[in-house]
Structures are given as C-alpha cells and as structure tokens.
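The residues making up each chain are set out below.
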Amino acid sequence: MRLTVFSDYTLRVLMYLALDRTRLATIPEIAVAYGISENHLMKVAHQLARAGIVESVRGKGGGIRLARVPEEIRLGEIVRASEGDAPIVECLSGDPQACRITSSCRLKGLLVNAFEALYDSLDEHTLADLESLREGLVAAHRERYGAEGLVVGLQLTHSGRYA
C-alpha cells in the first residue's frame, strides 16, 4: 500500500500548523520548510479549508491555521479525504468490464479489508499524537539552516532554543 503524495503533503501541512496554533502560517513558509512546491501546497490548503480542518485568512497578513484542536483531527479522516473516492483496484470501479475475473476473484475482498485496517489504525490517532514530532522538525531545520536558520513557524527564544 502506498499513500499519494497529496496525502503526504496534507499530513505535513497539518503537522506544521500544529506546531504553533497561535499564528497564521503562509504557503511559502511551509513550502520552504518542507522543500515542497507552493502550487501543490495551495491545493492541499484549499481542500483542508473546504473540509473545515483549517481556517484560511486572505489578504495581507493572511495565511492558514488549524480550525479545530489537534485532539479532534483524526488521521484516518484526513487520509480518507485526501485519498478520495478512487477505487483501490479496477474491479471496485463498478464497471463490469474492468476485470474479467471479478466474479471469482478473492483479491478484491482482501484489499478492501487491508485498506480498512489501515484506516482503522489511523482512526486511533489524532494530530495531537504527532505533535511529539516537534523536536524532530526543529532538529531537521537546524541541520538544514543552522542555529540561526529559517524556522519561520518556530521562533527562537533568548536561550537560543526553539520555543
């Protein structure tokens, strides 16, 4: 099983926004933080805003932030939404011509069960469970940009440590 790049980026955006829920983050800042195209992130942000998971503020000083607390954002919900309704295999498309062995094939049921197990496992976790990744994200930024480097959403404190 493999999640789409869109799902990966969606989860990354949410993790970034969870780091500092008191401020608006911009698409360019998130793009730089992860080395991801701004165009891809615009699509992610748009879908998250339409789903009510993030709040989008337009104009000067605008950006995005979580619309719900991380404890209420289930990872299964996010991945289901970002993966969409496309069938995982052709035989689940509803087209009787999609596969010649559909009537006798057991693979379809096995794959459906496997994906449901994945989603069920993700449903057990919320975005808050990923907030422990904060130190890892900070360390990655420090390694890439140095102690004084670019960590827009994570401000340096007087001690030189990330807040």
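It should be emphasised that the depicted structure is a prediction, and the values quoted were computed from it without experimental measurement.

## A few points about the overall build of the protein
Counting secondary structure elements, the protein contains 7 helices and 2 strands. Counted from the first residue to the last, the protein has its helices and strands arranged as α-α-α-β-β-α-α-α-α. Scored against the burial criterion, the 163 residues of the protein give a buried share of 31%. Summed over its atoms, the accessible surface of the protein is roughly 10,200 Å², and 53% of this surface lies on carbon and sulfur atoms.

## Structural notes on the environment of Ala-67
With respect to the helices, strands and loops of the structure, Ala-67 is situated in the loop between β2 (63-66) and α4 (75-83). Note: C-alpha distance between Ala-67 and Gly-52 (15 residues apart in sequence) is 6.6 Å. Those residues in contact with Ala-67 that sit more than four places away from it in its chain are Gly-52, Ile-53, Val-54 and Glu-55.

## Quick notes on a nonpolar patch on the surface
Residues Ile-88, Leu-92 and Val-112 make up a contiguous nonpolar surface patch of roughly 190 Å² in combined accessible area. Along the polypeptide, Leu-92 turns up in the loop between α4 and α5 (107-123).

## With respect to the nonpolar core
Ranked by size, the top nonpolar core spans 32 residues in total, and within it Val-13, Leu-14, Leu-17, Ile-30, Leu-41 and Leu-66 carry the most contacts. Those elements giving two or more residues to this core turn out to be α1 (5-19), α2 (27-34), α3 (38-50), β2, α4 and α5. Looking at which element gives the most residues to this core, the answer is α1, with 9 residues.

## Description of the pattern of salt bridges
Counting across every chain of the model gives 5 salt bridges. Of the charged contacts in the structure, one is a salt bridge between Arg-12 and Asp-8, with a shortest N-O distance of 2.9 Å. Placement of both Arg-12 and Asp-8 in helix α1 is noted, with a separation of 4 residues, approximately one turn of the helix. Judged by relative accessible area, which is 23%, Arg-12 ranks as partly exposed.

## With respect to the packing of α1 against α3
Closest axis-to-axis distance for the α1/α3 pair is 10 Å, and the angle between their directions is 70°. If you check the angle between α1 and α3, you find them roughly perpendicular. From α1, Phe-6, Tyr-9, Thr-10, Val-13 and Leu-14 reach across to α3, where they touch His-40, Leu-41, Lys-43, Val-44, Gln-47 and Leu-48. Of the residues that constitute the contact of α1 with α3, the class distribution is 7 nonpolar, 3 polar and 1 charged.

Reading guide: rules and limits
Residues numbered from 1 in each chain as written. Predicted model: local features only at pLDDT ≥ 70, side-chain atom pairs only at ≥ 80, totals over all residues. Heavy atoms only, no water. Helix = DSSP H or I, 4+ residues; strand = E, 2+ residues; numbered from the N terminus. Buried < 20%, exposed > 50% of the residue type's maximum accessible area, 1.4 Å probe, protein only. Areas by Shrake-Rupley, 256 points an atom, 1.4 Å probe, with all protein chains shown as cover. Contact = heavy atoms within 4.5 Å. Patch = residues over 30% accessible without salt bridge, like charges linked within 9 Å, V, L, I, M, F, W, Y side chains within 5 Å. Salt bridge = Lys/Arg side-chain N within 4 Å of Asp/Glu carboxyl O. Core = buried A, V, L, I, M, F, W, Y, C linked by side-chain atoms within 4.5 Å. Axes fitted to C-alpha atoms, helices over the stretch in contact; angles between N-to-C directions. Parallel < 35°, antiparallel > 145°, perpendicular 65-115°, else oblique. Nonpolar A, V, L, I, M, F, W, Y, C, P; charged D, E, K, R; others polar.

Worth remembering: the numbers are spatial, not functional.
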